[in-house]
Amino acid sequence: MIQLLNIEWMKVKAYRTFWILTILFFVGVPLLNIAIESFVSQTKEVSLLLGSPFAFPRVWDTTAWVASMVTPVMGIMLIIFLTNENNFRTVRQNIIDGWSRDQYIAAKFGVLITTTLFITLLIVVTAFLFGLKNGTGDASENTIYIFYALIQSLAYLSLAFFLGVFMKRAGIAIAIYIMYAYVGEFVIAGLLDYKVLRHLGSFLPLESTDRLIPGLSNFARKLAQQGHTPPSNTQYVLIALFYIALFNFLSWRKIKKADL
Amino acid sequence: MENTQILSLHQIYKNYGPIQALKGVSFEVPAGSVFGILGPNGSGKTTLLGIIMDVLKANSGTYSWFGQSVHHDQRKRIGSLLETPNFYHYYSAVRNLQITAAIKGRGADDIERVLRIANLWERKDSKFSTFSLGMKQRLAIANALLGKPEVLLLDEPTNGLDPAGIAEIRELIRQLGETGTTVIMASHMLDEVEKVCNHVAILKKGDLITTGHVDEVLANEDMVEIGATDLARLEGVLNALPGVKSIRRHNGAFQVMFTDSKTAEQLNKHCFEQGITLNYLATKRKSLEARFMELTNN
């Protein structure tokens, strides 16, 4: 596995697009955190309403929520990385040169997991630094949100992975991904929740993890949920895991069986 | 060495929807041969090569490399160029070859040699996306040669090359064949196959028409051109000769085909004994092109 990952690293280490997107994400998460923190602390009414979300222990939840708005940048990186292999037909060449199809897939899953861990690590470090800066709360409380952040990142990236494997054109795949992540699922979830059945929207792949990490939208969610008990966090995690398994299984089967 | 098979195909079938691309193709590639897979466009050559390199899935049939059941590590011993040059567009020639070497687990120290063979050493740090068609093809050939593989598998290797490049690649294949590398080459260029290959398989619309040593495939097709001052008498003598398949008058001489192979010497002797002195005698191998047209047109 280390050897496979090493070759994947060779494919991106001098690839400008890879570095631009990774750096965008790397600076995007702390910058967005700073921006939202400033907004909350310097607007009295908001501050009264929200309390101190950037202090321990709430900072784990808040930072994970902030990061999830930037995570699609890494999804785009993954889509480009995967559609490149199709467009350049290097997936063929990798197999011809001696990889098995399973090795090719394992290498790509390795990239998926490494990227997930990178995102999670950045969230942990950012949250920790903001927590330290903002007072004396208990840092060990709420750390379950680190796990939730990992599940959320994996869900967002697995959808990108699926699109990257099944779509030939990077542009269309990225457009679908961004539209779905930012608008599409919000619309579908809203319609399911309020036109069909309360909390039915929780059964969507990204929405299940968004509800796991409510962040600053928590008070609005609480208002909307009055009188309707939402699914538990365990249920959200199980829903997300189901979709993660589904996306990756379909991708695996496609690469395993298809004419490349 | 001559008895072992590098590659065996057994009843390979492949459909693309309703289109049957391969209809039960079986043949064997002996070790050390320069093996030409010949066929017109759309005859299934590239599909066949795709299947034996595991990038396409056959609907049925089996194949084996090196006399063993298929394993992906076997492909690390094969240098391949399949259909198009496939490289990371954003990387230089050298970086692309480094990735190939890493996957193959060999050849990292061989990059300079293969780039020099392909006349790309001066452009080693240029991005692949800046290469011309011919240079891309040269890089693909360099990629196939990397790490001195035991087997070379080349699909239309001279695609996009200029005449000098074509001659160089032919010479290279011939040299490699002489030094024991097995070369499997697909082409629709007949003279290319005729000039470098010693074994050949001919495909037409997914059917294998014939396979064997080039001499065998063409063996019974030798033709003798024969001339004398008295053509009428010569014709009489030839007609009386056993084993004559056909006689055709051509430019003041006869083109004679035999069912068995007769040497020019035998023929000369026979005519002389019958009192005819020949003024022209030549043995001509029917060209592969004529044979190919004959095989694929009926």
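Colleague: Any details on the overall build of chain A? Residues and values, ideally.
Modeller: For chain A, the count of helices and strands is 12 helices and 0 strands. Shown N-terminal to C-terminal, the secondary structure of chain A runs as helices and strands in the order α-α-α-α-α-α-α-α-α-α-α-α. Taking 2.2 N^0.38 as the reference for a compact globule, 260 residues should give roughly 18 Å; the C-alpha atoms of chain A span a radius of gyration of 19 Å, in line with that estimate. A principal-axis box enclosing the C-alpha atoms of chain A has dimensions of 60 × 45 × 30 Å. Within chain A, the proportion of its 260 residues that are buried is 52%. For chain A, contacts bridging at least 24 residues in sequence account for 80% of all contacts bridging at least 6. Accessible surface, chain A: about 11,900 Å² in total, of which carbon and sulfur atoms supply 70%.

Colleague: Pulling in residues and values, what's your account of the interface of chain B and chain A?
Modeller: With 28 residues of chain B in contact, the opposing surface of chain A contributes 29 residues. If you sort the residues of chain B by the area they bury against chain A, B:Asn86, B:Tyr90 and B:Ile103 come out on top, with a joint share of 24%. Joining chain B to chain A, the criterion identifies 5 salt bridges. One salt bridge connects A:Arg92 with B:Glu83, and the closest N-O pair in it is separated by 3.6 Å. The tally of links from chain B across to chain A stands at 19 residue pairs in polar contact (both at pLDDT 80 or more).

Colleague: Describe the sheet that holds strand E4 (residues 60-65) of chain B, and please don't skip the residues or the numbers.
Modeller: All names here are of chain B. The antiparallel open sheet is built from 3 strands, whose spatial order is E2-E1-E4. Each edge of the open sheet carries a strand with a single partner, namely strand E2 (19-30) and E4. Taking each pair of neighbouring strands and ignoring which way they run, the sheet shows an average axis angle of 15 degrees. Looking at chain direction, strand E1 (residues 5-16) and E4 are connected through 5 bridges and run antiparallel. Opposite Ser 8, over in E4, you have Ser 64 as the bridge partner. Helix-sheet contacts for helix H1 (residues 45-52) involve E1, E2 and E4, and the interaxial angle to E1 is about 115 degrees.

Colleague: Summarise the pattern of salt bridges; cite the residues concerned and give the values.
Modeller: Applying the stated criterion to the full structure yields 23 salt bridges over all chains. Each of the salt bridges in this network shares a partner with another, and the network as a whole consists of A:Glu8, A:Lys11, A:Glu85 and A:Lys108.

Colleague: For the packing of aromatic side chains, give the residues involved together with the corresponding values.
Modeller: Going through the model one piece at a time under the given rule, you end up with 25 aromatic pairs over all chains. A centroid spacing of 6.2 Å and a plane angle of 50 degrees characterise the contact between A:Phe147 and A:Tyr148, whose relative ring orientation is tilted. Here the aromatic rings of B:Trp65 and B:Phe66 are separated by 6.1 Å at their centres, their planes lie at 40 degrees, and the arrangement is tilted. In this pair, the class of B:Trp65 matches that of B:Phe66, namely buried. Counting every residue linked through ring pairs, the aromatic cluster contains A:Tyr15, A:Phe88, B:Tyr88, B:Tyr90 and B:Tyr91.

Calculation rules
- Residues numbered from 1 in each chain as written.
- Chains lettered and ligands numbered in written order.
- Predicted model: local features only at pLDDT ≥ 70, side-chain atom pairs only at ≥ 80, totals over all residues.
- Heavy atoms only, no water.
- Helix = DSSP H or I, 4+ residues; strand = E, 2+ residues; numbered from the N terminus.
- Rg over C-alpha atoms; globule rule 2.2 N^0.38 Å.
- Buried < 20%, exposed > 50% of the residue type's maximum accessible area, 1.4 Å probe, protein only.
- Contact = heavy atoms within 4.5 Å.
- Areas by Shrake-Rupley, 256 points an atom, 1.4 Å probe, with all protein chains shown as cover.
- Buried area = accessible area lost by both parts, 1.4 Å probe.
- Salt bridge = Lys/Arg side-chain N within 4 Å of Asp/Glu carboxyl O.
- Polar contact = N/O pair within 3.5 Å; in protein donor to acceptor, adjacent residues only side chain to side chain.
- Pairing = 2+ DSSP bridges.
- Axes fitted to C-alpha atoms, helices over the stretch in contact; angles between N-to-C directions.
- Phe/Tyr/Trp six-rings, centres within 6.5 Å; stacked < 30°, edge-to-face > 60°.

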